[in-house]
Amino acid sequence: MTRKTAELYERARALIPGGTQLVSKRPETFLPEQWPAYYQRARGVELEDLDGRQLIDVSIHAVGACPLGFADPDVDAAVIAAIRRGSVSTPNCPEDVELAERLCDLHPWAEQVRYTRSGGEAMAVAVRIARAATNRDRVAVCGYHGWHDWYLAANLADPSALDSHWLPGVEPAGVPSVLRGTTVAFDYGDIQAIDRMAAENGDQLAAIVLEPAHHRLPPQGYLEHVAQVGRRTGAVLIFDEITSGFRLAIGGAHQTLGTDPDVAVFAKAMSNGYPMGAVIGRRAVMEAASRSFISSTHWSERLGPCAALATIDKLERKNAPTHLSRIGERMRTGWLERAKKHELTITTGGIPPLPTFRFEHGEDCGALATLYTQKMLDQGFLAFGAFYASLAHDSHLDAALEATDRAFAALREALDRGTVNESLRGPLAHSGSRQTRS
Ligand SMILES: Cc1ncc(COP(=O)(O)O)c(C=O)c1O
């Protein structure tokens, strides 16, 4: 790390348990001792670190929070105008209603809306509503849904329950043991797995919670089958669209996948980096929210809904889903072509706007991934095995792929010479727990 960054990160580690507020922003996940832990300015995909280094972000790009790019001028203008009109008051802001109408227009199956200011808490609200609506406790989950007790409870009965849901090795420390058995996990895309889960838990299920698409697109007929299980068991079907939303469609990915849930949850891309979360749903389910105490001061401020309205307008105007998929697929193809050219074996995953890759070189994989990030950083790029496309990436893709070409060439050379490990200037990247999410 450069000097100012290293000093500040050392202070942070003494003051802030874990060093950062978001596990996925820990520099150790990417490139220990070298990754810029802090930024001073960011716009589009460009940023400046504390020591004045100019960098281009072709990595997780604020974990997918900014599909229009960092500091989008139109969204910022809407937020600044809202600040000038007063970001908070005793009465409510009218934009709450405007956004609710917009979200219901985009999702004709949905009739009511509640807000939060982050994804994880929006999921907690959705699950509370489902439990209140069904008078049942148990929840079935697939995928990552945040940090709250209701979700991590899955690991109380089986400490590895969430391992295959992007949360390997997470201890449910601090989660009340009385929640054991209230959340069960099932594997994505496997019709037999969901049928088994339903046979074991069916008449007790309050909700079936899953990302309609994240790691990959669902197999044909899968989501419809999950919806049928929901109808048969009386469980509320909740689609977590916090990462998939506003990328494959203006609104939920489920709109392109042909199955509507009872409740859908949005955050991240919906407001281009400003804190906002929304739970939308069918009236029969959502009305339970008025019988449950679900309330928070900052859920009533004005910047979140104003940012969301401006973001949705611009995503629509720019036909963002088409371009995000095109940009993501260009990156995926670029990785594959260059890996082939330099005789590196990689596999790719992820949906089109959010491609991922990993090296398949046995015990060298971790060192190769770390060296790749180091070689890219040396050329001024933040890069990693996951790419969250934004519209602002378009004009930087050629340069990023040229840099990838040089990085892959260097990896090939290091492999041939047996110098992969000794080429690293710091320790291997390690996730601690979660790798690329949240
Ligand atoms: C699918 C999904 N659900 C929930 C969350 C949690 O959202 P947040 O980090 O805003 O609390 C995330 C964040 O990565 C996510 O990707």
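Reading the values: rules and limits
- The numbering scheme is per chain: residues are counted from 1 as the chain's sequence reads.
- Owing to the predicted nature of the model, reporting of local features is limited to residues with pLDDT of at least 70; listing and counting of side-chain atom pairs is limited to 80 or more, with chain, interface and lining totals taken over all residues.
- Put simply, DSSP marks the helices as runs of H or I at least four residues long and the strands as runs of E at least two long, and each gets a number from the N terminus on.
- To sort residues by burial, count the other C-beta atoms lying within 10 Å of each one's C-beta; a count of 20 or more means buried, 12 or fewer means exposed, and anything in between means partly exposed. C-beta atoms are built from the backbone.
- Angular values range over 0 to 180 degrees, each being the angle between N-to-C directions of two axes fitted as lines to C-alpha atoms, with helices fitted over their stretch in contact.
- For classification purposes, an angle smaller than 35 degrees is called roughly parallel, one larger than 145 roughly antiparallel, one from 65 to 115 roughly perpendicular, and anything else oblique.
- Note: crossing handedness is left-handed where the near helix turns anticlockwise from the far helix by less than a right angle, and right-handed where it turns clockwise.
- By the convention adopted here, residues make contact when the C-beta atoms placed from their backbones lie within 7 Å.
- Ten residue types, Ala, Val, Leu, Ile, Met, Phe, Trp, Tyr, Cys and Pro, are classed as nonpolar, four, Asp, Glu, Lys and Arg, as charged, and the remainder, Gly among them, as polar.
- Any two strands are treated as partners once DSSP identifies two or more bridges connecting them.
- Per-residue confidence from the predictor is given as pLDDT, running between 0 and 100.
- To count as a nonpolar core, a set of buried Ala, Val, Leu, Ile, Met, Phe, Trp, Tyr and Cys residues must be joined through C-beta atoms within 7 Å.
- Domain start and end points were adopted from an automatic or database domain assignment.

Peer 1: Requested: an account of the environment of I208, with residues and values cited.
Peer 2: In this fold, I208 is placed in strand β7 (residues 205–210). For I208, a count of 27 C-beta atoms within 10 Å gives the class buried.

Peer 1: I'd like a description of the packing of helix α13 (residues 320–341) against helix α15 (residues 397–417), backed by residues and values.
Peer 2: Closest axis-to-axis distance for the α13/α15 pair is 10 Å, and the angle between their directions is 25°. The angle between the axes of α13 and α15 places the two elements in the roughly parallel class. Considering how the two elements wind past one another, α13 and α15 form a crossing that is right-handed. From α13, I327, R330, M331, G334, W335, R338 and A339 reach across to α15, where they touch L397, L401, T404, D405 and F408. Broken down by class, the residue content of the contact of α13 with α15 amounts to seven nonpolar, two polar and three charged.

Peer 1: Which residues make up the sheet that holds strand β13 (residues 381–382), and what are the values?
Peer 2: Ordered by their spatial adjacency, four strands build an open sheet running β1-β2-β3-β13, and the pairing between neighbours is mixed. At either end of the open sheet lies a strand with only one pairing partner, and these are β1 (39–43) and β13. As judged from the four bridges shared by β1 and strand β2 (residues 46–49), these two strands associate in the antiparallel manner. Paired with R41 across the bridge in β2 is E48.

Peer 1: Run through the sheet that holds strand β10 (residues 277–281), naming residues and quoting values.
Peer 2: One open sheet accounts for seven strands, arranged β4-β10-β9-β8-β7-β5-β6; its pairing is mixed. The open sheet has two edge strands, β4 (112–116) and β6 (183–185), and neither has a second partner. Along the sheet, successive strands turn relative to each other by an average axial angle of 20°, direction set aside. In the packing of helix α5 (residues 119–134) onto the sheet, contacts are made with β4, β5 (138–142), β7, β8 (236–240), β9 (263–266) and β10, and the angle to β10 comes to roughly 25°.

Peer 1: I'd like a rundown of the confidence of the model for the protein, residues and numbers included.
Peer 2: Considering every residue of the protein, the mean pLDDT works out to 96; 98% of them sit at 70 or more. Contacts of residues 433–438 to residues separated by more than four positions or lying in other chains number 23 contacts, the stretch itself having pLDDT below 50.

Peer 1: So what's going on with the nonpolar core? Which residues, and what values?
Peer 2: Core analysis: the biggest nonpolar cluster contains 138 residues, and A126, I129, A130, A207 and V263 have the highest contact counts within it. Ranked by residue count, the leading element in this core is α5, at ten residues. Counting only domains with at least three residues in this core, you end up with domain 1 (3–68 + 319–423) and domain 2 (73–317).

Peer 1: Could you give me a rundown of the domain arrangement of the protein, with the residues and numbers involved?
Peer 2: The assigned domain composition of the protein is domain 1 (3–68 + 319–423) and domain 2 (73–317). Contacts between domain 1 and domain 2 engage 13 residues on the former and 20 residues on the latter. When residues of the side of domain 1 that touches domain 2 are traced back to their parent elements, those giving at least two are α2 (61–64) and α13. The leading source of residues in the side of domain 1 that touches domain 2 is α13, at three residues. Broken down by class, the residue content of the side of domain 1 that touches domain 2 amounts to ten nonpolar, three polar and no charged.

Peer 1: So what's going on with the pairing of β2? Residues and values would help.
Peer 2: Side chains L47 and D49 of β2 all project onto a buried face; the interleaved residues E46 and E48 project onto a face where none is buried. The antiparallel hairpin formed by β1 and β2 contains two residues in its connecting segment, where G44 sits at a positive phi of about 65°. With three bridges joining them, β2 and strand β3 (residues 54–57) adopt antiparallel strand pairing. Along β3, the bridge assignment pairs E46 with I56.

Peer 1: Which residues make up the packing of helix α14 (residues 365–378) against α15, and what values go with them?
Peer 2: Where α14 meets α15, the closest approach of the two axes is 9 Å, and the angle between their N-to-C directions is 135°. One element, α14, and the other, α15, form an angle in the oblique class. The crossing of α14 and α15 is right-handed. Where α14 abuts α15, its residues L368, L371, Y372, K375 and M376 lie against A403, A407, A410, L411 and A414.

Peer 1: Any details on unusual backbone geometry? Residues and values, ideally.
Peer 2: Within the chain, V63 stands out as a residue other than glycine whose phi angle is a positive 50°. For V63, the position within the fold is in helix α2. Taking the C-beta count within 10 Å as the criterion, V63 has 18 such neighbours and is therefore assigned partly exposed. If you check the backbone angles, N272 has positive phi at about 45° while not being a glycine. With respect to the helices and strands, the residue N272 is situated in the loop between β9 and β10. Using a count of 30 C-beta atoms within 10 Å as the deciding quantity, one classes N272 as buried.

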